[in-house]
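Report on the structure
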Amino acid sequence: MLKAEQILALAPDAASAKAGSQLAAPAKWGTLGLDGNAMWGECQGSGKLPYRTQIDLGEPAFKCSCPSRKFPCKHGLGLYLLHAAQPTLFNENEAPQWVKDWLDGRQTRREKKEEKAADQSPEAVAASAAQARKREDKRAQNIVNGLADLQTWLEDLAREGIATVRERGPAFWEGMAARMVDAQAGAIGNRLRRASGLCFQTANPDWQRQLGSELASIYMLCQAHARLDALPAPLQADVRTLVGWSVPQETVFAEAPIADCWQVLAQITEDESRVRSRTTWLRGAASGRWAMLLHYSAGGQGFEVPLATGTEFDGALCFYPGAWPLRALIKEQSGTRPLHAIAPAPALDTTLDAYADALAVQPFIDRYPMLLDAVAPDSASRTSLRTADGRLLPLHASFRHALHLLALSGGHPLTVFGEWDGVCLLPLSVWQDGRLFNIDTEFNA
Amino acid sequence: MTGPVSPHKLLLVGTARAPLPAALLDAELAGAASAALDAPGATPERRLWLATGASDLWTRAGYLPPPAPSTQSMASAPEQLPDCPLAAEAILKRLLVGGQPASVQTEWLTLLAGKGARLPERFLPNMLDLATRQPALRPCLRPVLGTRAAWLATLEPAWAWAAGTHSGSDNEAHPQQAWHEGALEQRVAALDNWRRADPAAARAALEATWSSEPPDNRLALLSCLGTGLGAADESFLEAALDDRRKPVRQAAQRLLARLPDSSFSQRMLARAVPLLQTEKRFLRGSRLIVAPPEERDAAAIRDGVGDNKYTGLGEKAGWLVDILAAIDPSHWSTSLGLSPDECIALSAGTDYREALLLGWTGALQLHLAHAATPGLLAWLEAWTRIWLASDGTVRYQNASAFVGAYAALPAPTMHAMLLALVEASRMPWHGADLPLVELLHQLADATPAPWPADLSLAIARRLLGALPALPAQQWSFRSALGPLATVLDPAAVFEAERGWPGLADDPHGWQNAVDQFFHLVRFRHEMILSFQEPA
């Protein structure tokens, strides 16, 4: 069972959160009940029949008969919030038929998914595989041509020097980014667009070095792609992903699942042209292993998989293939509950060594999860963390919550989780006195 | 010996302008990268990109954090106030997201102060920012700023007002120090506290610095003399009547008017006595005769007569208002031998009704803030009866001072008077109760929440009962719902809701407004409960 704050964090947007909390009133609901798996209730809306709202408590998952396209809808949030505020209103009951139908349906779909692969006839499988291969070959050729153009473009840039690149304006970048999209290497196109943004950040004194590094990394990626077959197989997978090939979920789920108690340590949501992306950082309580989950949502809908920071769940993750597997999918999830403790972080030097080892096998890692115990934000500069053994770790220039971090620490040490890029740390959450503060959502800007 | 030039520098200039040196990388790295870098046919541009990439990786993989400077800044001392309850903290988060009236934030802060607890650390930057923009919030914020907040405020220049001012700090023990060294706001608070403890010493301290205080300080500091005001303050205040700035002079006038034996009050009374007289007429009752002042001498100008402009009133009527506003209205009921109701009723028969009402209401507001004597309360009650029965023009013209008079009362007295008014009104209300609803609306905006349960219940019953039958054009009722939802006691509203049949088929479209009303009341209910949980 989640707390009100964690429930509100599941809302797709502020309007849903507000509407949900308005609906967390006993007068709005009838036939409230719950059993070990689910809770349910009927909410009188503007229609003739009340909406039937139900929550599968394991993940949690929401279902409602209302026509809203937001997910979870305000009724689902309202029901869960009402339970958080007044649990005595919910009687232990046998689930009504409509709840049972849904839960059974979910179970069947889960089973069907697993059977599906075995269902098709061998001929059909072979035919569609051949078709797919043909499409892939065509795309591969497109990418090879596109990357060759990109390399030439970058070499021209190195000849001119990047000191004057600002003067060429955004169109210079946009043209090449569009060329990458045409070449079906959209991921690189996105990186070029982001890199071009650096040119126009007048407040960033370090933009030339950062731009140079990012473009050098892209150049190395082109280089790696050109000799893909010579790379170790796991790194091939990384390079393919980085140029824009997507990995089908079936491939990921075919990897051996890794079971642990997964702790949700941080989450950030970013808006990028009509699509919201959400990065969730997990750490295995027993293994200390890191995992990153990416979810996308479009058109103002919520994310399909609700995951609240400061919770943990028992489950199994499957990792995307790669030389240093990090991105994962949830294969099984149950028993979501608030987080009470996290395992201590390794010593700073151990962590930095591990980072070097990771770069050695996968040189393209850009977001490296880093947990630091006993660091204190530096009140004088506000741009670094002071470690227990008296060293300074610089904070990312885009970090906007230095004062919040100082407020929380008061100059005393605390535990910080963030993304390390080899140069500076972007803090994403803070663990203090048994509480996790997710900076993106729990420090008001 | 110096190493090779950083590839980043070469990249800035470009290979067209600066030829590449033979050694692009440190010897150690160059060995590892030579296979790619020195491959046959590698163009300078290609070598430069690869060198940049290799050097970046090399730097990132080998990063070692530099030692921190040994000058360690002071960490904050342990807190003395207990934690804010978790549930209340969650409520504050929702308040900071916005969407609730600002007064709910104030109520939250007051509840926290009532609990004796402190603000949660993670919201300190937001709350300090908020109160930096809205100074009116600071008095509510101060009691809940812990040691951490005082420490944090020293790090940000804009928060200096909060630095070192947390409750339980030395400021209360050593007011002199804050008085001498603090920012204006801290000095005002220190002087106020000092006045409470030792009015004479505090005034002497103000007199000592008075001539060197800038005008804005003078106004803020002079108002502190309202605390512990006494006859001993008169000579200082009298001297302040000659200040160069009008707001300072007016503050001194208001304070002196509250001292009935002051020379200022006596001068005003002497000016006032000839202005109003009664004439007893055979069989036709009394008549009030008003003779506005014909001229004002230098002394009257010094005392502020004519300082204010009143729209719609002539110059001399304005002088009349200024003089009346300084004098305790009970004076008139005694000297004219008329009850307050009669005084107000007779004003209708004169040519100066507006001026009389404005003057008396201003005086009520001024003197009620000082002491709610029975004579003044009788005037307020009389005024209320007239006000509720008047047309919109009279109510509109006198609204601010009239509502101010109520708001100036001690809260229990105000609540008791409102309860009597509401209970005397019909249940449920209908359109004719609009003036009372307007009064409650304005007091809901002007006075702190929550109102007591009995008053809240009486209001909620009449209000809810009225809604189904009210036509949609009752904007006054509609606009009063929001403000009332911020002050009524939530439990009492729920009690009124229990016996309420609802809006039925809601022919006049009240549902939305009523939903918002209950949403806010429920939110405040949750907020109040959230403070009852242990921290």
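Residues numbered from 1 in each chain as written. Chains lettered and ligands numbered in written order. Predicted model: local features only at pLDDT ≥ 70, side-chain atom pairs only at ≥ 80, totals over all residues.

**Here we look at the packing of helix H10 (residues 184-197) of chain B against helix H11 (residues 199-210) of chain B**
All names here are of chain B. In the contact formed by H10 and H11, the axes pass within 6 Å of each other and the chain directions differ by 145°. Residue-level inspection shows Leu-191, Trp-194 and Arg-195 of H10 in contact with H11, the latter providing Pro-199, Ala-201, Ala-202 and Leu-206. Its residues assigned to classes, the contact of H10 with H11 comprises six nonpolar, no polar and one charged. (Axes fitted to C-alpha atoms, helices over the stretch in contact; angles between N-to-C directions. Helix = DSSP H or I, 4+ residues; strand = E, 2+ residues; numbered from the N terminus. Contact = placed C-beta atoms within 7 Å. Nonpolar A, V, L, I, M, F, W, Y, C, P; charged D, E, K, R; others polar.)

**Re H11 of chain B**
An α-helix turns once every 3.6 residues. As a result, residues three or four positions apart point the same way. All names here are of chain B. Along its twelve residues, H11 runs 16 Å from first to last C-alpha, staying within 8% of the 16 Å computed at 1.5 Å per residue. Those residues of H11 not exposed but buried are Ala-202, Arg-203, Ala-205 and Leu-206. The buried residues of H11 occupy an angular sector of 155° when projected down its axis, which confines them to one face. Exposed and oriented more than 90 degrees from the buried face of H11 are Ala-200, Ala-201, Ala-204, Glu-207 and Ala-208. (Expected span 1.5 Å × (residues − 1). Buried ≥ 20, exposed ≤ 12 C-beta atoms within 10 Å, placed from the backbone. Arc of directions from axis to C-beta.)

**A word on the sheet that holds strand E13 (residues 392-394) of chain A**
The strands making up a sheet are joined through hydrogen bonds of the backbone, oriented either antiparallel or parallel. Residues and elements named next belong to chain A. Read from one edge to the other, the open sheet built from six strands follows the order E13-E12-E11-E14-E15-E16, with strand pairing classed as antiparallel. Looking at strand neighbours, the two that pair on one side only are E13 and strand E16 (435-438), the edges of this open sheet. Ignoring strand direction, the axes of neighbouring strands in this sheet form an average angle of 35°. Bridge count between strand E11 (residues 368-377) and strand E14 (residues 414-420): six bridges; the pairing is antiparallel. (Pairing = 2+ DSSP bridges.)

**With respect to the interface of chain B and chain A**
Each partner contributes residues to the interface: chain B has 48 residues there, and chain A has 49 residues. Among the elements of the structure, helix H1 (7-13), helix H3 (44-61), helix H4 (86-97), helix H6 (124-133), helix H8 (147-153) and helix H28 (511-530) of chain B are those that each provide at least two residues to the side of chain B that touches chain A. In terms of residue count, H3 of chain B provides more of the side of chain B that touches chain A than any other element does, ten residues in total. When grouped by side-chain class, the residues that make up the side of chain B that touches chain A number 24 nonpolar, twelve polar and twelve charged.

**Let's talk about the pairing of E11 of chain A**
Counting buried positions along E11 of chain A yields eight of ten residues, so the element is predominantly enclosed. The loop that links E11 of chain A with its antiparallel partner strand E12 (residues 384-386) of chain A comprises six residues; one of these, Arg-382 of chain A, has a positive phi angle of about 65°.

**Concerning the sheet that holds strand E6 (residues 258-272) of chain A**
Residues and elements named next belong to chain A. Spatially, the five strands line up as an open sheet ordered E8-E7-E6-E9-E10, and their pairing is antiparallel. The sheet is open, and its two edges are formed by strand E8 (290-298) and strand E10 (328-338), each paired on a single side. Going from strand to strand, the sheet's axes swing by 35° on average, the running direction of each strand aside.

**Comments concerning the confidence of the model for chain B**
All names here are of chain B. With 96% of its residues at a pLDDT of 70 or more, chain B shows a mean pLDDT of 87. Every residue in residues 166-171 scores below 50 in pLDDT, and together they form 14 contacts with partners more than four places removed in sequence or on other chains. Among the scores for the predicted complex, ipTM is 0.77 and pTM is 0.78. (pLDDT = per-residue confidence, 0-100.)

**Thoughts on the pairing of strand E1 (residues 276-281) of chain B**
All names here are of chain B. Looking at chain direction, E1 and strand E2 (residues 285-290) are connected through six bridges and run antiparallel. By the bridge assignment for E2, Thr-278 is matched with Leu-288. In this antiparallel pair of consecutive strands, E1 and E2, the connection spans three residues, and Leu-283 shows a positive phi of 65°.

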